[in-house]
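Analysis of the macromolecular model
Listed below, chain by chain, are the residues.
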Amino acid sequence: MEEVDVEPAVTNIPSAGVGKHLGFAWGPCDILVFETLHHPKDAKCSGSPYIHEVRKDEDIHSPILRKLFNESHHIFVGLQTLKDDIPSKNKKPQFVSVSKNYRSVIRACMEELQQVAVSSTDSKVASQYGDQLSILLAIELIWNLCEVLFIDAAPAGSLLLHLLDWVRLHKADVDEKTREVLQSESPAEHHNYWRVVLSYVLQGRLDEARQMLVKQANLQPAARNMYMLMDTLLSKMPFFNPSGSQTLTEFDVKWRHWHEEVDRCLQDNSFASSQHLETICKILAGDEDTLLEHKDLLSTWYHYMVTRLLYCHPTVKPTELHYYAQSCLTMFLETSAPEPLDSILLAAFEFDIHQVIKDCSIALNNWWFVAHLTDLLDHCNLLQSHNLHFGSNLREFLLLEYASGLFSHHSLWQLAVDYFDHCPEFGHVYLELQMERVPLDTERKALKVLRICEQRKMAEQVRSICKIMAMRALRNNRLGSALSWSIRARDAAFATLISERFLQDYCSKGTFSDLDLIDNLGPAMLLSDRLTFLGKYREFHKLYGEKRFTEAASLLLSLMTAKIAPRSFWMTLITDALPLLEQKQVIFSSDQTYELMYCLEELTSSLNKPAPGPDQHMQDKDTEVTKVELLRLALARNLAMAIVKEGTVEA
């Protein structure tokens, strides 16, 4: 896309006057602006303590527009699942249906905005909702026209019918005036009566116009014939029926005959005695001066264009629209400069899709519209010739911009994931960068982020999230949660650190916390030696509790001889052997007893050589000496019993 050829809007920062020195920090979708400590010598004003947040897309934070983002997300995902093996021409009804779904979501939001704006007592809030409503009105108007011209691609004949529906949908004030007129005591004498009739005629709603004229005819019996003639003209006006057997040529011939009849009535002055009926006849004849005299009823140049086509050229072809659009715009606005909306609609009538998207990107205040419309047009194979020079195609560029904006919201970021998923070239890279910026406020949110990363095989992000959450849990002394996160991160060093904390906790309290987690470590305990020791040591306690003393003794001895237990924990392990040594039956064999003796001697020899660091967690020296003596006595007694037992068996 070319460089934007308009000046960017100026954003005023409160309290940022002349002589102030401002600093800023860029965020993903906003900027933080603040006053720095730097002050020019001639500055006399005091500094401002505030930090201002300048958001790129304020609409994301609107509670009503969030419904638009949520609902359209479901439509977007559904569109991506349409089968690629079906030719685009055969999928046209589906594309039109998707487009109508998007528009229905827009209109639902418009209705809610209208209700809130009317009921709000705060003028500032009402004005804000009013602005959002105006933007959505313009969006729905543009989308509807794009649906008619590009997606449905209506041919000559049907095209005008679609354009009439388009105008009627966006010019609904005539129905409100009609209700006002019909609810009055004498509708035919109401001051808005003829404005309603003319509005119906200008919109091609001739049946409604005839019904209104009947009321006037009943008041003027003398002019009944004249009203009957007008009713005949209105009833005879042919409209093309796309589903009928009539060809476009046959319809054109029939329409011309009717048009000649209207001209004859004008030449014969059939309605000379009634100014209003004569005006209607001139409109039916397509008189440009008469149409332009009723600008207030038409209100827009595109309404004028559709009315002019209806009564002058009903078989207009799509390729001819740009000529009528340009001439009607010039005639209707005269010397007034066109608004951005006028330029966008004109580009659509010229079938310049690229210009429509570009102008909408400049004029509208968020990427929602251009991203979803471009995606739909791309599925219709209408954007193949519009590739960008810096990486991806137009569709992907706009989807990436829109999805990046969603990530700045605390809940809408989840929708953005699906948009990135359907950007094949850069979507995965963008998602990786954005996932790293999602604040992990709660464990539930962290699990949600983690699941998204795991599903997309984002290993680095998975490790980063798990490490952050493990460290946070450790700071809060939630050892079970910290260990669980470190295992998910497959971080051996951190798992070792937390296992140490579990063992320290056990030494100080005499019990383990988070038993369910430790009991169900499974293969995860192999992540580090210390974690393996923790899991096996807990297994020893379970075996002991189940009175499976022989198995418990073998496991305890293996923990010591395998050297995976921290040296600081050896005394605890040997002390755990004491109840087994005191059993009436012999649990440890002579060989196992010798192993325990060797471990005890190795431990006691190290006690006489103080070593700095966390491995020397000896309590009071006298207590340790007493423990050692008791252990030696128990080991000696067990060795004697084991030798006697083994000798007896051998004999």
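Residues numbered from 1 in each chain as written. Predicted model: local features only at pLDDT ≥ 70, side-chain atom pairs only at ≥ 80, totals over all residues. Heavy atoms only, no water.

Per an unreviewed UniProt entry, the recorded name for the protein chain is Nuclear pore complex protein Nup85, and the organism is Knipowitschia caucasica. Recorded in UniProt under Function (unreviewed entry), the annotation for the protein chain is "Functions as a component of the nuclear pore complex (NPC)." The record in UniProt for the protein chain states the following under Subcellular location (unreviewed entry): "Nucleus, Nuclear pore complex". (UniProt positions renumbered as here; feature names shortened; annotations may be inferred.)

Take the overall build of the protein chain next. When you go through the protein chain residue by residue, the secondary structure sums to 30 helices and 3 strands. Within the span of the protein chain, comprising 651 residues, buried residues form 46% of the whole. (Helix = DSSP H or I, 4+ residues; strand = E, 2+ residues; numbered from the N terminus. Buried < 20%, exposed > 50% of the residue type's maximum accessible area, 1.4 Å probe, protein only.)

What follows concerns unusual backbone geometry. Of note in this structure, Ser299 is not a glycine but carries a positive phi near 70 degrees. Taking relative accessible area as the criterion, Ser299 reaches 39% and is therefore assigned partly exposed. Non-glycine residue Lys457 carries a positive phi angle of around 55 degrees.

Along the chain, Glu147 turns up in helix α3 (residues 123-151). By relative accessible area, Glu147 is classed as buried at 5%. Sequence separation between Glu147 and His162 is 15 residues, and the spatial gap between their C-alpha atoms is 9.7 Å. A polar contact is formed between the side chain of Glu147 and the side chain of Ser99, at a distance of 2.7 Å. (Polar contact = N/O pair within 3.5 Å; in protein donor to acceptor, adjacent residues only side chain to side chain.)

Time to look at the packing of α3 against helix α17 (residues 368-379). The relative placement of two packed helices is expressed as an angle between their axes plus a distance between the axes. Interhelical geometry of α3 versus α17 gives an angle of 10 degrees and a closest axis separation of 12 Å. In terms of orientation, α3 and α17 fall into the roughly parallel class. Packed against α3, whose contacting residues are Ile139, Ile142, Trp143, Cys146, Phe150 and Ile151, the element α17 presents Trp368, Phe369, His372, Leu373, Leu376 and Leu377 at the interface. The residue inventory of the contact of α3 with α17, partitioned by class, reads 11 nonpolar, 1 polar and no charged. (Axes fitted to C-alpha atoms, helices over the stretch in contact; angles between N-to-C directions. Parallel < 35°, antiparallel > 145°, perpendicular 65-115°, else oblique. Contact = heavy atoms within 4.5 Å. Nonpolar A, V, L, I, M, F, W, Y, C, P; charged D, E, K, R; others polar.)

So, on to the pattern of salt bridges. Taken as a whole, this structure holds 23 salt bridges when the rule is applied. Arg205 is the partner of Asp175 in a salt bridge, and the nearest nitrogen-oxygen pair spans 2.8 Å. A residue pair is termed long-range when its members are at least 10 positions apart, and Asp175 in helix α5 (residues 173-182) and Arg205 in the loop between α6 (193-202) and α7 (206-219) qualify at 30 residues. By relative accessible area, Asp175 is classed as partly exposed at 25%. Overall, the relative accessible area of 12% leaves Arg205 in the buried class. (Salt bridge = Lys/Arg side-chain N within 4 Å of Asp/Glu carboxyl O.)

Our next topic: the environment of Val196. Summarising the element assignment, Val196 is placed in helix α6. C-alpha of Val196 to C-alpha of Arg179: the two residues are 17 residues apart in sequence and 10.0 Å apart in space. Excluding its chain neighbours within four sequence positions, the residues that come into contact with Val196 are Val174, Lys177, Thr178, Val181 and Met212.

The next thing to look at is the packing of aromatic side chains. Under the criterion given, the structure shown has 21 aromatic pairs. Judged by centre distance (6.0 Å) and plane angle (40 degrees), the rings of Phe420 and Tyr430 are tilted. Linking Phe420 in helix α19 (residues 413-421) with Tyr430 in helix α20 (residues 427-435), this pair joins segments that are 10 residues apart in sequence. Put simply, the rings of Phe69, Phe76, Tyr402 and Tyr419 touch in pairs and so form one group of aromatic residues. If you follow Lys295 out to its NZ or CZ, it ends over the ring of Phe332, 5.2 Å from the centre. (Phe/Tyr/Trp six-rings, centres within 6.5 Å; stacked < 30°, edge-to-face > 60°. Lys NZ or Arg CZ within 6 Å of the ring centre and 35° of its normal.)

The next point concerns the confidence of the model for the protein chain. Mean pLDDT for the protein chain: 83, with 86% of residues reaching 70 or above. Here residues 613-619 scores under 50 on pLDDT; set against residues more than four positions off or in separate chains, the count is 10 contacts. (pLDDT = per-residue confidence, 0-100.)

With that out of the way, let us pick up helix α4 (residues 158-169). The terminal C-alpha atoms of α4, which comprises 12 residues, lie 17 Å apart, in line with the 16 Å expected from a rise of 1.5 Å per residue. Among all positions of α4, only Ser158, Leu159, Leu160, Leu163, Leu164, Trp166 and Val167 are buried. (Expected span 1.5 Å × (residues − 1).)

Here we come to the packing of helix α9 (residues 248-267) against helix α10 (residues 275-284). Between α9 and α10, the least distance of the axes is 9 Å, while the angle of their chain directions is 145 degrees. The handedness of the crossing between α9 and α10 is left-handed. In contact with Trp258, His259, Val262, Cys265 and Leu266 of α9, α10 contributes Glu278, Cys281, Lys282 and Leu284. Looking at the contact of α9 with α10, its residues break down into 6 nonpolar, 1 polar and 2 charged. (Left-handed = near helix turned anticlockwise from the far one by under 90°.)

To continue, consider helix α14 (residues 321-333). The terminal C-alpha atoms of α14, which comprises 13 residues, lie 18 Å apart, in line with the 18 Å expected from a rise of 1.5 Å per residue. When we look at burial in α14, the residues that qualify are Leu321, Tyr324, Ala325, Ser327, Cys328, Leu329, Phe332 and Leu333. Considering only its buried residues, α14 is in contact with α3, α4, α11 (288-293), α12 (295-298), α13 (301-312) and α15 (340-349). After α14 finishes, the residue Glu334 shows a positive phi value of roughly 55 degrees.

Here the focus is the environment of Leu383. Within the element layout of this structure, Leu383 appears in the loop between α17 and α18 (394-406). Sequence separation of Leu383 and Leu394 is 11 residues, and the distance between their C-alpha atoms is 8.0 Å. Contacts of Leu383, omitting those with residues within four sequence positions, involve Ile353, Ile357, Thr374, Leu377 and Asp378.

Further remarks concern the side chain of Asn192. Checked against the element boundaries, Asn192 lands in the loop between α5 and α6. For Asn192, the side chain forms a polar contact with the side chain of His191, separated by 3.4 Å.

The full count for this structure, using the stated rule, is 0 disulfides. We note that Cys265 lacks a disulfide partner, and the nearest cysteine sulfur, in Cys281, lies 5.5 Å from it. Taking the relative accessible area as the measure of exposure, Cys265 reaches 8% and is therefore buried. (Disulfide = S-S within 2.5 Å.)

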